[in-house]
Amino acid sequence: MAHPSLVKSLGEQVLGHSGPVNLSEISGPDRVIALYFSAHWCPPCRGFTPQLVAFYKHLKENTKHQLEVILVSSDQDEASFQDYFSDMPWLALPFTETKRKVRLSRQYRVSAIPSLVLLDSRSGRVITKSGREMVTSDPEALTFPWRPRALGDLLAATSLVDPQGQVVPYESIKDAYKGLYFSAHWCPPCKAFTPQLISVYEKIKKKEGNFQMIFVSSDRSEESWRAYHSTMPWLSVAWECEDVRRELATSLEVQGIPTLVVLAPDNTVITAEGRAELTEDPEAERFPWRPQSVEVLAERHMARLQESPCLVLFTDGETTELQFGRDVLLPVAEEYLLEHAQEGGLTLQFFVAGEDEVSDSVRDFACLEDVVPLVAILDLSEGAKFLLEDGVEVSTATVHNFVTRYCNGKLSPLPIRPVASSATNTS
């Protein structure tokens, strides 16, 4: 049967060409489920869909792989949806499942269409979010289902070199904390960030000797790579290892450069936001910048507020009040995050906010009163907010109850912005 997280995300039934299909019917221990985010109005989607149809039929007819595709449509009207879906040999979410489609886009951080996300039906985990690219590059499904290699295996399979071009064996650094620096000489933000990174790197090395940096280049020529690497005091993936560089970027979902990803000694990802962490902590006092269950709301968190629902405790910004906010939220956040660890992008995030420009902009956008303390759950993507009732003392117990009611659907949402009422004429 399908993993519970998939049932929660997709519902118990999806739409087939002959009617509803139970999710349990398309699940199995070796089954891969691909979510196809697409729309009839989108020219790149209409260009890619025939490729996907050909790939799907090839897989069914010529291999033992078990794949089921589910269309997650962004069409604006049901007629367009039905017309588009009629040419597809797979399943779809019903057109009316608007909220579920929005949640799926957020959960898998789909920023553009067409997008093809492959899931393991047994575990519910993402296999790859680069399905579109893989269908294009591997139309014969020679390496399907494109499960990414473990980061440790990837690094062990590559050639690492120092700035002088000497090969450094991975075995000599495998037990270190590692920073993977995705950058390029041609990129102005990279050239501005690299000197900052060098300064912080030297500070970290003094405090934490067990740390290595690895440059993963996006340069356009070997000469540019060599010139850029020569300015850095750390290792680099060798120029000839282009496939590994590409696979590292894909595996870590690197969307742009410069990007700094920090790995633990066991090669699990500590943070993919190393650049922002370094900027906020130039003395590296909090290195290796492990994510906090409760964070102080800052500019770098704005994307999270757009992607997933967030609980924010607004304070007056005094140090003692920020600490009060952390103390109140921490037990609730840790319990919640432990229980909802598999929900990805839809997991509730927890923040304490002070009185600053970021907090003011969030208050203004969500039309929140300028009072403290104020506890709000903001779901910006769905245009909803939930407020802890006036007169309720802000404590761990009351916030826990508030979050429990939110999770159980017992809270009534308010619109993020009040709906303007129409003026009426009287005679």
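Everything discussed here concerns the structure shown above.
For clarity, every value in this text was computed on a predicted model and none was experimentally measured.

(A) Main features of the pairing of strand β4 (residues 66–73). In terms of burial, β4 is a largely internal element, seven of the eight residues being buried. Looking at chain direction, strand β3 (residues 31–38) and β4 are connected through eight bridges and run parallel. Each bridged residue has a counterpart across the sheet, and for Ser38 the counterpart in β4 is Ser73. Since β3 and β4 lie parallel, the crossover through helix α2 (residues 43–62) that links them has a hand, and here it is right-handed. Direction of pairing for β4 relative to strand β5 (residues 91–92): parallel, over a ladder of two bridges. Note that in β5 the partner of Leu71 across the bridge is Ala92. Between the parallel pair β4 and β5, the chain is carried across by helix α3 (residues 78–85), and the sense of this crossover is right-handed.

(B) How the structure looks around a negative patch on the surface. Residues Glu299, Asp316, Glu318, Glu355, Asp356, Glu357, Asp360, Asp364 and Asp370 make up a contiguous surface patch of negative charge. Examined against the element boundaries, Glu355 turns out to sit in the loop between β17 (349–353) and α13 (357–366). According to the relative accessible area criterion, Glu355 is exposed, its value standing at 52%.

Conventions and cut-offs
Think of each chain on its own: its residues are numbered from 1, step by step along the sequence as written. It should be noted that, the model being predicted, local features are given only for residues of pLDDT at least 70 and side-chain atom pairs only at 80 or more, the latter also being counted only at that level, while totals for whole chains, interfaces and linings use all residues. Excluding hydrogens and water, the side-chain values take into account all heavy atoms of the structure. For each residue, the accessible area found with a 1.4 Å probe, counting protein chains only, is set against the maximum for its type, and the residue is called buried under 20%, exposed over 50%, and partly exposed in between. Secondary structure elements follow DSSP: runs of H or I no shorter than four residues count as helices, runs of E no shorter than two count as strands, and numbering proceeds from the N terminus. Two strands are counted as paired when DSSP detects at least two bridges linking them. We call a crossover right-handed when, viewed with both strands directed away from the observer, the connection leading from the first strand over the helix to the second proceeds clockwise. Patch membership is restricted to residues that have no salt bridge and whose relative accessible area is over 30%. Joining uses 9 Å for like charges and 5 Å for the nonpolar side chains Val, Leu, Ile, Met, Phe, Trp and Tyr. In short, Shrake-Rupley with a 1.4 Å probe defines the accessible areas, and a residue's cover is counted only from the protein chains shown. When a carboxyl oxygen of Asp or Glu lies within 4 Å of a side-chain nitrogen of Lys or Arg, that pair is called a salt bridge. In summary, the charge assignment counts Lys and Arg as positive and Asp and Glu as negative, without counting His or the chain termini. Charged groups are reduced to one reference atom each: NZ for lysine, CZ for arginine, CG for aspartic acid, CD for glutamic acid.

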